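Each chain is listed here by its residues.
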Number of protein chains: 2
Amino acid sequence: MLCPASCLPLLREMAQWRCLLGWHRHHGVSTGVTAGAGLGSEVRVVVGGTTRPICRTNPQQGSKYASAGCLLSLHHSEKPEHEEVCEFRPYTCPCPGASCKWQGSLEAVMPHLMHAHKSITTLQGEDIVFLATDINLPGAVDWVMMQSCFGHHFMLVLEKQEKYEGHQQFFAVVLLIGTRKQAENFAYRLELNGNRRRLTWEATPRSIHDGVAAAIMNSDCLVFDTSIAHLFADNGNLGINVTISMC
Amino acid sequence: MLCPASCLPLLREMAQWRCLLGWHRHHGVSTGVTAGAGLGSEVRVVVGGTTRPICRTNPQQGSKYASAGCLLSLHHSEKPEHEEVCEFRPYTCPCPGASCKWQGSLEAVMPHLMHAHKSITTLQGEDIVFLATDINLPGAVDWVMMQSCFGHHFMLVLEKQEKYEGHQQFFAVVLLIGTRKQAENFAYRLELNGNRRRLTWEATPRSIHDGVAAAIMNSDCLVFDTSIAHLFADNGNLGINVTISMC
């Protein structure tokens with residue numbers, strides 16, 4: 001969308017607009033339009049291979065997900081951060097790994113899982129055992145199952161990966177098939193029980209909107225290495241007691 | 001101790017001794033006498049820079065720590081393993097790191113700590129908080145304190161080190177100033193509490209005879225990385241709730 005030339009003289013008179021117009025220059029060559037075409041979206045013309053902002057019709061912009069229902073109006077500098085956590089952002093398939101490219105509404109997530117990921121087992125109840133078999137399988141491996149309780153579905157994920165080269169670790173986390181706000185109403189406990197040893201992690205479930213990768217990146221989950229896994233495993237199988245509770 | 005030459009003709013007649021005599025040859029150049037001078041200890045002569053066994057007066061040998069009270073008689077192949085765990089082996093200073101070379105009897109450990117490591121704080125009670133300050137200090141760091149309860153002294157150790165290059169981790173463990181058998185009568189719990197998160201490790205205390213290094217090597221302790229430490233730390237200080245109980 002190009003700015004009609006008629007607005008330029010007006011903008012030249014207004015110091016505050018010039019200030020805003022100049023903001024992007026510190027960033028050098030633009031990486032392109034990032035925020036889509038919401039209300040008051042940035043208008044650019046390409047001159048000699050660089051992109052210069054020409055005018056802004058409104059410094060407050062609607063979210064990228066305005067059409068999905070987001071009513072927020074934000075300064076353009078706040079948009080990327082908001083859009084990362086916007087509850088109206090479409091949900092992607094919560095299965096770990098990047099192989100499934102599905103995305104849709106929250107209500108469509110469970111039907112998608114039941115249709116496209118039939119192999120995922122579901123157990124009913126607040127207190128179940130998540131049995132990961134063959135934990136000695138080489139390379140990066142994910143174990144996934146569903147737990148249903150309190151009228152909600154939770155996804156249990158155990159991921160083995162080398163976050164640090166040469167050091168294989170296990171990461172276990174519980175995700176709610178729901179929003180972040182809904183997730184705050186619950187707590188989960190993961191428990192490894194062995195011979196006179198117990199390792200426990202208690203936390204708030206992640207919303208599938210955040211995903212597994214964010215939890216692993218921050219180690220905000222149950223983390224243990226292969227030596228610990230072997231202290232608790234039985235014949236290569238690792239049982240994790242999972243308890244969900246309401247806060 | 002050299003074998004009197006007079007026993008050689010007798011040994012040449014006995015097939016079972018020849019078999020024993022030959023055992024060491026598979027190992028190539030000897031690393032020297034390893035087991036000290038207990039009953040029936042190995043006798044060697046040095047020939048051309050290599051060490052060859054000449055005779056064995058008794059295939060059953062006393063422990064290296066026989067003089068300290070160990071009554072066991074072992075096959076020489078069992079000796080190294082036994083001597084590693086022999087309760088009569090002198091106790092070394094339990095402080096992590098190799099700087100203190102003290103060793104002595106179990107009864108002398110506490111007097112040694114109180115005399116030579118005065119800076120170590122002691123707290124009384126079954127349930128205390130082990131506060132590790134400045135966990136962001138660079139490099140390998142140890143935090144140590146003592147906990148007294150049930151008529152025993154326990155050493156609490158938090159160690160930060162790079163077990164895997166480029167991946168700094170924290171290891172926390174509780175050691176009993178006592179024997180392995182005494183340690184089996186207790187359990188300990190280490191708990192990190194944060195904002196809607198809790199990480200707990202429960203296990204049997206290690207005897208100081210095993211030491212901190214063995215627990216860390218096997219990850220048989222509370223293990224967490226710097227990201228997790230920051231989830232639970234407050235202004236660079238990490239409080240670990242420590243609870244000791246009797247089984």
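Our subject is the structure listed above.
Conventions we followed
- Every chain's residues receive numbers from 1 upward, in the order its sequence appears when written.
- Labels are handed out in written order, letters beginning with A for the chains and numbers beginning with 1 for the ligands.
- Given that this is a predicted model, residues contribute local features only at a pLDDT of at least 70 and side-chain atom pairs are listed and counted only at 80 or more, while totals for whole chains, interfaces and linings are drawn from all residues.
- Computation of side-chain values covers all heavy atoms of the structure but excludes hydrogens and water.
- Think of it this way: DSSP has to see at least two bridges between two strands before they count as a pair.
- Strands here are runs of E lasting at least two residues and helices are runs of H or I lasting at least four, both read from the DSSP assignment and numbered beginning at the N terminus.
- Here the axes come from fitting lines to C-alpha atoms, over the contacting stretch only for helices, and the angles between their N-to-C directions go from 0 to 180 degrees.
- To form a nonpolar core, buried Ala, Val, Leu, Ile, Met, Phe, Trp, Tyr and Cys residues must be joined to one another through side-chain atoms within 4.5 Å.
- In this scheme, a residue with accessible area under 20% of its type's maximum is buried, one over 50% is exposed, and one in between is partly exposed, where area comes from a 1.4 Å probe on protein chains only.
- Contacts were defined at the residue level, with two residues in contact if any of their heavy atoms lie within 4.5 Å.
- Reported buried area values correspond to the accessible surface (1.4 Å probe) lost by two parts on association, with both partners' losses combined.
- When a carboxyl oxygen of Asp or Glu is within 4 Å of a side-chain nitrogen of Lys or Arg, the pair counts as a salt bridge.
- Polar contact criterion, stated in full: a pair of N or O atoms within 3.5 Å, where within protein one must be able to donate a hydrogen and the other to accept it, and residues adjacent in sequence count only if both atoms are side-chain atoms.
- In this analysis, rings of Phe, Tyr and Trp, with Trp reduced to its six-membered ring, are considered paired at centre separations within 6.5 Å, and the interplanar angle assigns stacked below 30 degrees, edge-to-face beyond 60, and tilted for intermediate values.

## Overview of the sheet that holds strand β16 (residues 238–246) of chain A
Spatially, β8(A)-β16(A)-β12(A)-β13(A)-β13(B)-β12(B)-β16(B)-β8(B) is the arrangement adopted by the eight strands of the open sheet, whose pairing is antiparallel. Edge positions in the sheet fall to β8 (127–132) of chain A together with β8 (127–132) of chain B, since each has one partner strand and no second. The mean angle between the axes of side-by-side strands here comes to 20 degrees, regardless of whether they run parallel or antiparallel. Taken together, the six bridges between β8(B) and strand β16 (residues 238–246) of chain B define a ladder with antiparallel strand orientation. In the sheet register, B:F130 faces β16(B), and the bridge partner there is B:I240.

## Remarks on the nonpolar core
In this structure, A:L158, A:L199, A:F224, B:L158, B:L199 and B:F224 are the most contacted members of the largest nonpolar core, which totals 107 residues. If near-sequence neighbours (up to four positions away) are discounted, B:L158 is found in contact with B:F130, B:A132, B:V141, B:D142, B:W143, B:F170, B:F171, B:A172, B:F224, B:L238 and B:I240.

## Thoughts on the interface of chain A and chain B
At the interface, 27 residues of chain A touch 27 residues of chain B. Where chain A abuts chain B, roughly 2200 Å² becomes buried across the two surfaces, and 45% of that area is made up of carbon and sulfur atoms. On the surface where chain A and chain B come into contact, there are four salt bridges. As a salt-bridge pair, A:R198 and B:E202 come within 3.2 Å of each other at their nearest N and O atoms. Taken together, the links from chain A to chain B amount to 14 residue pairs in polar contact (both at pLDDT 80 or more).

## Quick look at the packing of aromatic side chains
If you walk through the whole model with that rule in mind, you get ten aromatic pairs over all chains. When the centroid spacing of 5.2 Å and the interplanar angle of 85 degrees are considered together, the rings of A:F154 and A:F186 count as edge-to-face. Residue A:F154 is located in strand β10 (residues 152–164), and its partner A:F186 is located in strand β12 (residues 186–194); the two are separated by 32 residues in the primary sequence. Residue A:F186 is classed as buried on the basis of its relative accessible area of 2%. Pairing A:F232 with B:W201 gives two aromatic rings, centres 6.2 Å apart and planes at 90 degrees, and the pair type is edge-to-face. On the criterion of chain membership, the pair formed by A:F232 in helix α7 (residues 226–232) and B:W201 in strand β13 (residues 197–203) is interchain, its members lying in two chains. Taken individually, A:F232 and B:W201 each receive the classification buried, so the pair is uniform in this respect. Each residue in the set A:W143, A:F170 and A:F224 is aromatic and connected to the rest through ring pairs, giving one cluster.

## With respect to unusual backbone geometry
One non-glycine residue, A:S219, lies in the positive phi region at around 55 degrees. Note that A:S219 resides in the loop between α6 (211–217) and β15 (222–225). Among the residues examined, A:S219 registers a relative accessible area of 0% and is labelled buried. The residue B:R196 is not glycine, and still its phi comes out positive at about 55 degrees. Among the structural elements, B:R196 can be located in the loop between β12 (186–194) and β13.

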